[in-house]
Every structure is written in structure tokens, then in C-alpha cells.
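Here's the letter readout for the chains.
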Amino acid sequence: MQKILLAAALAAATAAASAAQYEIDPFHSNARFEIDHFGTSTNVGGIYKVTGNVHFDPAKKTGSVEAVLPLANLQSSSDEFTKHLKSADIFNAEKYPEIRFASTKFIFDGKKVSAVQGNLTLLGQTHPVVLKASKFNCYQNPMKKVEVCGGDFAATIDRTQWGADYLVSAGMAKNVKLNIQIEAAKK
């Protein structure tokens, strides 16, 4: 009986050791977007200083992420365009000061994270999104002396699902490409 309890305790300790909590590094994380502008050019912008937490267990092939994208840190090609993006026409940053992503499942291809399923909250509405990983890795940061995990993720969303329909009736594209880069340091 003692051997069984000892084996169970060791198994639990090993499982706990492989699971880890990480804090998103706001200086190495961002969310950028691209949208076709009436077939002539592509409008782009980004939200910087993304914050949040990641739980990652490569042994069990599980994980979770909660990321906060503060619209106060939205930037575009000009101050005027940034101001318009923050207005009630598009992001309505005064009423909805942040965008949130909360994962529901990490998807693996072998030992690598290949996608993250979750829910994106924008303009007070929440809808499912799948962020596909173009790369994902964990490494020992030589400067911080801590393990860091992160990757590049992308998705294309129909902005009208969230009520972001500015100029759609005039022919502006509904689809927006999202590029999200996250790095998170082990706590």
C-alpha cells in the first residue's frame, strides 16, 4: 500500500512539475490587423503592450491563455487614423477599452502547438476564433534566466460578427486578418 501511495505522489509531483504558469511579456507581445481598403490598399494597425497569463503543460498537451489587448495602446499609420479607429465608428474604445481572448483548447501537431481555439471579445460581443500557429517554441532566456514560451498566431475573422460593420454597405471588406505574437515568461 505504501508503494502505491508513493508512486501516486511521485506521479502527481511529476505532473505538477511539467505544468507551468507564464506571464505575457507586454514588450514582446502584440496584435496586428490588416483589412483591404476598397481593393486599393491594405489598412494596418496594431495593439501593443498585450498582457495576460498562459498555462502550458507540454507533457499533457494542454494549455490555456487569457490575453488583454488594451485599445489605449492602438497605433496606426497616423494620429488621425488611430483616433478614427478608436472612435465609435470602429473599436469604440471609450465604451470598450480592451479586447480579450480566452482560449478553450490548445491543439497540438506532435509535440508542437499548432493552433489555439478560444473566444474573442470585441465591442462587448464574444465569438469563437481559431488562432493558427505559424511557429511556437519554448526556450531558456539567457538574460532573464527563465523559461519563455511563445509563438506567432494568425486568423481571419468576419468583423461584422462583432458588430464592426463600418463602411461594409459601401463595399469595404468584412474580413480582417489578425496576426498575434505572444511571448510569456515562466512565473
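Remember, it's a predicted structure, so these values are computed and weren't measured experimentally.

## Section: the pairing of strand 2 (residues 30-37)
- Across eight bridges, the pairing between strand 2 and strand 3 (residues 41-48) is antiparallel. Looking across to strand 3, one finds that Ala 31 is bridged to Ile 47.
- What sits between strand 2 and strand 3 in their antiparallel hairpin is a turn of three residues, with Phe 38 showing a positive phi close to 55 degrees.

## Overview of the environment of Asn 137
- With respect to the helices, strands and loops of the structure, Asn 137 is situated in strand 9 (residues 125-141).
- In this structure, Asn 137 is in contact with Lys 112, Val 148, Cys 149 and Gly 150, ignoring residues within four places of it in sequence.

## Focus on the pattern of salt bridges
- Tallied over the full model, the rule gives four salt bridges.
- Notably, a salt bridge pairs Asp 25 with Lys 144, separated by 2.9 Å at the nearest N-O pair. On the criterion of sequence distance, the pair formed by Asp 25 in the loop between strand 1 (20-24) and strand 2 and Lys 144 in the loop between strand 9 and strand 10 (146-158) is long-range, its members being 119 residues apart.
- Judged by its relative accessible area of 10%, Asp 25 is buried.
- In this structure, Arg 100 and Glu 98 form a salt bridge, with 2.9 Å as the shortest nitrogen-oxygen distance.
- With a relative accessible area of 32%, Glu 98 lands in the partly exposed category.

## Comments concerning the side chain of Asp 57
- Looking at the element boundaries, Asp 57 is found in strand 4 (residues 51-57).
- Nearest to the buried, unbridged Asp 57 among oppositely charged side chains is Lys 60, at 4.5 Å.
- Separated by 3.2 Å, the side chain of Asp 57 and the backbone nitrogen of Ala 59 make a polar contact.

## Description of the UniProt feature "domain: Lipid/polyisoprenoid-binding YceI-like" (unreviewed entry) in the protein
- UniProt records the feature "domain: Lipid/polyisoprenoid-binding YceI-like" (unreviewed entry) at residues 21-185, using the numbering of this structure.
- Here residues 21-185 is 5% helix and 62% strand, with 8 Å between the C-alpha atoms at its ends.

## Observations regarding the nonpolar core
- Ile 24, Phe 56, Phe 91, Ile 99, Val 113 and Leu 120 are the most contacted members of the largest nonpolar core, which has 44 residues in total.
- Tallying contributions element by element places strand 11 (residues 175-186) first for this core, with five residues.
- If we ignore the near neighbours within four places in the chain, the residues touching Ile 99 are Ile 47, Ala 67, Val 68, Leu 69, Leu 71, Phe 91, Leu 120, Thr 121 and Leu 122.

## Let's talk about the state of the cysteines
- Summed over the entire model, instances satisfying the criterion amount to one disulfide.
- Between the sulfur atoms of Cys 138 and its disulfide partner Cys 149 the distance amounts to 2.0 Å. Disulfide Cys 138 to Cys 149: torsion about the S-S bond roughly 110 degrees, handedness right-handed. On the criterion of sequence distance, the pair formed by Cys 138 in strand 9 and Cys 149 in strand 10 is long-range, its members being eleven residues apart.
- Taking the relative accessible area as the measure of exposure, Cys 149 reaches 5% and is therefore buried.

## So, helix 2 (residues 79-86)
- When helix 2 is considered as a whole, its buried residues turn out to be Phe 81, Thr 82 and Leu 85. Take helix 2 and look down its axis: the buried residues cluster within an arc of 100 degrees, on one side only. Within helix 2, the exposed residues directed more than 90 degrees away from the buried face are Asp 79, Glu 80 and Lys 83.
- Tucked into the core, helix 2 has its buried residues touching strand 2, strand 3 and strand 6 (74-75).

Procedures and definitions
Residues numbered from 1 in each chain as written. Predicted model: local features only at pLDDT ≥ 70, side-chain atom pairs only at ≥ 80, totals over all residues. Heavy atoms only, no water. Pairing = 2+ DSSP bridges. Helix = DSSP H or I, 4+ residues; strand = E, 2+ residues; numbered from the N terminus. Contact = heavy atoms within 4.5 Å. Salt bridge = Lys/Arg side-chain N within 4 Å of Asp/Glu carboxyl O. Buried < 20%, exposed > 50% of the residue type's maximum accessible area, 1.4 Å probe, protein only. Lys, Arg positive; Asp, Glu negative; His and termini not counted. Polar contact = N/O pair within 3.5 Å; in protein donor to acceptor, adjacent residues only side chain to side chain. UniProt positions renumbered as here; feature names shortened; annotations may be inferred. Core = buried A, V, L, I, M, F, W, Y, C linked by side-chain atoms within 4.5 Å. Disulfide = S-S within 2.5 Å. Arc of directions from axis to C-beta.

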